[in-house]
Amino acid sequence: GEIAKLIDEGYAEIAPPTSSERLWYLPHHLVLNPKKPGKLRVVFDCAARFRGESLNDKCYQGPDLVNKLIHVLIRFRQGLYAFSCDVEAMYYQILIPPSDRDALRFLWCENGSVVEYRMTRHLFGGVWCASSSTYALRESVSNDDVHPQVRDVVCRSFYVDDCLHSADSADQVVQLALDTKEVLMQHGFRLTKYISNVDDLIHALPPSEVENADKDLDFFPSVLGVKWNVARDLFRFTCDLEIPDFVTRRQMLSVVSSIYDPLGLLSPATVRGKMLLQEAVRMKLPWDQPVPHELFREWKHWLNCMNQVGELCIERCIKPWDESECALELHHFSDASENAFGSCSYLRCVSRAGQLSVHLVMSKGKVAPVKKMT
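I will try to describe carefully the structure that is included in this document. (Residues numbered from 1 in each chain as written. Predicted model: local features only at pLDDT ≥ 70, side-chain atom pairs only at ≥ 80, totals over all residues. Heavy atoms only, no water.)

### Comments concerning the nonpolar core
Turning to step 1, where the next piece is worked out: In terms of nonpolar packing, the biggest core is built from 43 residues, with Trp 228, Met 252, Val 291, Trp 299 and Trp 302 touching the most fellow members.
Turning to step 2, where the next piece is worked out: Take this core: its biggest share by element is six residues, from helix α10 (residues 293-307).
Turning to step 3, where the next piece is worked out: Trp 299 has contacts with Val 247, Met 252, Val 255, Val 256, Gly 273 and Leu 276, leaving out every residue within four places of it along the chain.
Turning to step 4, where the next piece is worked out: Listed in part, the 28 residues of the second largest apolar core include Phe 83, Val 150, Tyr 194 and Ile 202. (Core = buried A, V, L, I, M, F, W, Y, C linked by side-chain atoms within 4.5 Å. Buried < 20%, exposed > 50% of the residue type's maximum accessible area, 1.4 Å probe, protein only. Helix = DSSP H or I, 4+ residues; strand = E, 2+ residues; numbered from the N terminus. Contact = heavy atoms within 4.5 Å.)

Written out as structure tokens, the structure is:
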């Protein structure tokens, strides 16, 4: 199973006898992702408490080195040509000093007997892992002999282990992707699951490391949770919300929270659901009591509208021409009412030939506070 893989790969080892005071045993469990059938992940519960204390309480979280998800996605939309990939088992590539490994012990049953193991690499569940792993990744490109553009990809285009990068030319994308792959491989970070709208890059990589070798028009890989139609270079949004016979305030909150839209490209639609949830809050309804018929009727209408969002496609690239070939303008709009308020930003590009391109960069919409304000 997954524990056997940890041991075979050297990510965990048999724990030797010790009298160290820095001794801790971690409970662990398996996590299944319904969107990734067949993929299992072992998570160690570093927040588990014993006598009121946990391992995470005793460890420093470290500085927040992870790029903001919104920033990575917006930069991903800037260039006409793009690629994405991720680091294979990123946390497991970072060694833990032997002096700290006894704090990461765990028990496993083999052939009817209990065996003590300890992790030799970072693990999922540790409060320190995101910061330390991101630091190690960036240290791999800190040398002066690393090309500045490769360093820029590693430092600005990664969200933990996911890389999203775009450029104005196909040749630049190919060169950057291959150079970044080579540099990181020298430090033990293997990039894989490549997705790109540049055929030359896909052909230059081994098939085992490519996610979209066939360029199928119905292929919608997920880049940081956003569906990307690579063949048409479009973002696609899908909602498959169940139409219930009744709804409670708790269920309304669950549905509204389940819609993933980091750039706010759906906010004109999602804000309506938030307003209906707020109406249930304003009525002071219990969490598990069905809402009144009139409110439920509006809720069903909103669910039907959201299920039609699957027909919505938005262009990934917001800057179709090189910056030297066009004039760029950012236009911001905001408005408010008694029910909600929002803002949006558009990028307006005017080419030297007079061609015009306008694209929504991102937006945000929120419901107005329950307590009225002047």
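### Description of the packing of helix α9 (residues 267-282) against α10
Turning to step 1, where the next piece is worked out: As a packed pair, α9 and α10 sit with axes 10 Å apart at the nearest point and diverge in direction by 160°. For the element pair α9 / α10, the angle class is roughly antiparallel. Crossing of α9 against α10: the hand is left-handed. Where α9 abuts α10, its residues Ala 269, Thr 270, Arg 272, Gly 273, Leu 276, Glu 279 and Ala 280 lie against Leu 295, Glu 298, Trp 299, Trp 302 and Met 306. (Axes fitted to C-alpha atoms, helices over the stretch in contact; angles between N-to-C directions. Parallel < 35°, antiparallel > 145°, perpendicular 65-115°, else oblique. Left-handed = near helix turned anticlockwise from the far one by under 90°.)

### Some thoughts on the sheet that holds strand β13 (residues 313-315)
Turning to step 1, where the next piece is worked out: Spatial ordering of the open sheet is given by β10-β11-β12-β13, a layout of four strands whose pairing is antiparallel. The sheet is open, and its two edges are formed by β10 (222-223) and β13, each paired on a single side.
Turning to step 2, where the next piece is worked out: Summarising the sheet, strand β11 (residues 226-229) and strand β12 (residues 234-236) pair through three bridges and their orientation is antiparallel. Note on β12: the bridge partner recorded for Asn 229 is Leu 234. (Pairing = 2+ DSSP bridges.)

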